[in-house]
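Descriptive structure summary
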Amino acid sequence: MEEQIVSMKSDFFKALAHPTRVRILERLAKNGEEVCVCELIEDLGVEQSNLSQHLSILRKQQIISSTKVGLKVMYRVKYPEVLTILENVQKILAQQFQEGEALMRHFADR
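Within any chain, residue numbers begin from 1 and follow the written order of that chain's sequence. In keeping with the model being predicted, local features are shown solely for residues with a pLDDT of at least 70 and side-chain atom pairs are shown and tallied solely at 80 or more, while totals for entire chains, interfaces and linings include all residues. Just so you know, side-chain values use all the structure's heavy atoms and leave hydrogens and water out.

Between the rings of Phe, Tyr and Trp (Trp by its six-membered ring), a pair exists once the centres lie within 6.5 Å; its type follows the angle of the planes, with under 30 degrees stacked, over 60 edge-to-face, and the other angles tilted. Tallying each qualifying case throughout the model produces one aromatic pair. On the basis of an interplanar angle of 90 degrees and a centroid distance of 5.8 Å, the ring pair of F12 and F13 is categorised as edge-to-face. Accessibility expressed as a relative area gives 48% for F13, which makes it partly exposed. Only protein chains enter the accessibility calculation, which uses a 1.4 Å probe. A residue is then buried if its area is under 20% of the maximum for its type, exposed if over 50%, and partly exposed in between.

Next up, the structure:
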């Protein structure tokens, strides 16, 4: 059972491990409202078929959900905690950048 949970965690992070999928999530987080596929295509500048593949991966992991409104398919982030993960990653990257700058300054002062 523990190995299955570890595998599920890994699959979850694999779903986040693509720049386009991160951009999709950040776009969906922007207003906190449902967003139409047509808006995602326009905002992200990706082909509809490519976007569909990425949305499918995020849906499979239940990171996003969709509803149909008339002819439009609307998407939203299913669990806001996913956005917290992305925010925490951004904080870590900022810290790494600062540490790298400090290290470069240290060597430059020699």
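Time to look at the environment of R21. The helix count covers DSSP runs of H or I at least four residues long, the strand count covers runs of E at least two residues long, and both are numbered beginning at the N terminus. As for its placement among the helices and strands, R21 is situated in helix α2 (residues 19-31). A sequence separation of 32 residues divides R21 from Q53, and the C-alpha atoms of the two residues are 9.8 Å apart. Should any heavy atoms of two residues lie within 4.5 Å, those residues are considered in contact. Contact partners of R21, with chain neighbours within four places excluded, come to K14, A15, H54, I57 and L58.

Attention now goes to the UniProt feature "domain: HTH arsR-type" (unreviewed entry) in the protein. UniProt positions are given in the numbering used here, feature names are shortened, and annotations may be inferred rather than shown by experiment. Taking the UniProt record as the reference, the feature "domain: HTH arsR-type" (unreviewed entry) is found at residues 1-97. Annotated as residues 1-97, this span is 68% helix and 14% strand, and its ends, taken at the C-alpha atoms, are 38 Å apart.

This part takes up the nonpolar core. In terms of nonpolar packing, the biggest core is built from 20 residues, with L25, L28, L40, L51, L55, I63 and I64 touching the most fellow members. At the level of elements, α1 (2-16), α2, α3 (37-44), α4 (48-60), β3 (72-77) and α5 (81-108) are the ones that each hand at least two residues to this core. Those residues in contact with L55, other than ones at most four positions away along the chain, are I24, V37, L40, I64 and Y75. By nonpolar core is meant a set of buried Ala, Val, Leu, Ile, Met, Phe, Trp, Tyr and Cys residues that side-chain atoms within 4.5 Å join together.

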